[in-house]
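So the chains spell out like this:
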Amino acid sequence: MREPTFLVLTALVDGPRHGYGIIREVAALSDGRVKLLPGTLYAALDRLVAQGLVEHVRDEVADGRMRRYYRLTSAGLQVLTAEIARLRQLAGAAESRLRALNPRHA
């Protein structure tokens, strides 16, 4: 899974968000490293909706602009949980190798 996809799914764990809210949350989660553009975000959301990992829940108008809200589905939560486990395993393997190389700095 690519990092932006992982971060979009993570941004939706605690409840529905609109596009700009997802963009802000992804930036916060990545300490500003990942800056999603709206076109990139909505292409990713369309893909995630098609995969059944995210669903569109509602639209609302705020300040004259349409906001689309999305939430994580149970399938999306399962995929995110599996990805977290995969990343933990990989990080553990890397840490083990680093400790073997230089035990004093591990």
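Residues numbered from 1 in each chain as written. Predicted model: local features only at pLDDT ≥ 70, side-chain atom pairs only at ≥ 80, totals over all residues. Heavy atoms only, no water.

1. Some thoughts on the packing of helix H1 (residues 3-11) against helix H3 (residues 38-50)
Then, in step 1: The geometry of H1 relative to H3 is characterised by a closest axis approach of 11 Å and an angle of 75° between their N-to-C directions. Classed by the angle they form, the pair H1 and H3 counts as roughly perpendicular. Along its contact with H1, which presents Thr5, Val8 and Leu9, the element H3 presents Leu41, Leu45, Arg47 and Leu48.
Then, in step 2: Residue composition of the contact of H1 with H3, grouped by class: five nonpolar, one polar and one charged. (Axes fitted to C-alpha atoms, helices over the stretch in contact; angles between N-to-C directions. Helix = DSSP H or I, 4+ residues; strand = E, 2+ residues; numbered from the N terminus. Parallel < 35°, antiparallel > 145°, perpendicular 65-115°, else oblique. Contact = heavy atoms within 4.5 Å. Nonpolar A, V, L, I, M, F, W, Y, C, P; charged D, E, K, R; others polar.)

2. Focus: the pattern of salt bridges
Then, in step 1: All told, the structure shown has seven salt bridges when counted by the stated rule.
Then, in step 2: Two residues, Arg71 and Glu55, come together in a salt bridge whose shortest N-O distance is 2.6 Å. In this pair, Arg71 is assigned in strand E3 (residues 65-72) and Glu55 in strand E2 (residues 54-62), connecting sequence segments 16 residues apart.
Then, in step 3: Classification of Arg71 as partly exposed rests on a relative accessible area of 37%.
Then, in step 4: Of the charged contacts in the structure, one is a salt bridge between Asp59 and Arg68, with a shortest N-O distance of 3.2 Å.
Then, in step 5: Each member of the salt-bridge network shares a partner with another, and the members are Asp14, Arg17 and Glu25. (Salt bridge = Lys/Arg side-chain N within 4 Å of Asp/Glu carboxyl O. Buried < 20%, exposed > 50% of the residue type's maximum accessible area, 1.4 Å probe, protein only.)

3. Describing the sheet that holds strand E1 (residues 17-18)
Then, in step 1: If you trace the three strands from one edge of the open sheet to the other, you get E1-E3-E2, paired in antiparallel fashion. Each edge of the open sheet carries a strand with a single partner, namely E1 and E2.
Then, in step 2: Of the strand pairs in this sheet, E2 and E3 are connected by eight bridges, and their pairing is antiparallel. The residue bridging Val61 from the neighbouring strand is Met66, located in E3. (Pairing = 2+ DSSP bridges.)

4. Re the packing of aromatic side chains
Then, in step 1: Under the criterion given, the structure shown has zero aromatic pairs.
Then, in step 2: Directly above the ring of Tyr69 sits Arg58, whose terminal nitrogen or CZ lies 3.9 Å from the centroid. (Phe/Tyr/Trp six-rings, centres within 6.5 Å; stacked < 30°, edge-to-face > 60°. Lys NZ or Arg CZ within 6 Å of the ring centre and 35° of its normal.)

5. A few points about the environment of Arg65
Then, in step 1: Here Arg65 is to be found in strand E3.
Then, in step 2: Looking at Arg65, the relative accessible area reads 63%, which means it is exposed.
Then, in step 3: With 34 residues separating them along the chain, Arg65 and Asp31 place their C-alpha atoms 28 Å apart.

Keep in mind these values describe shape, not function.
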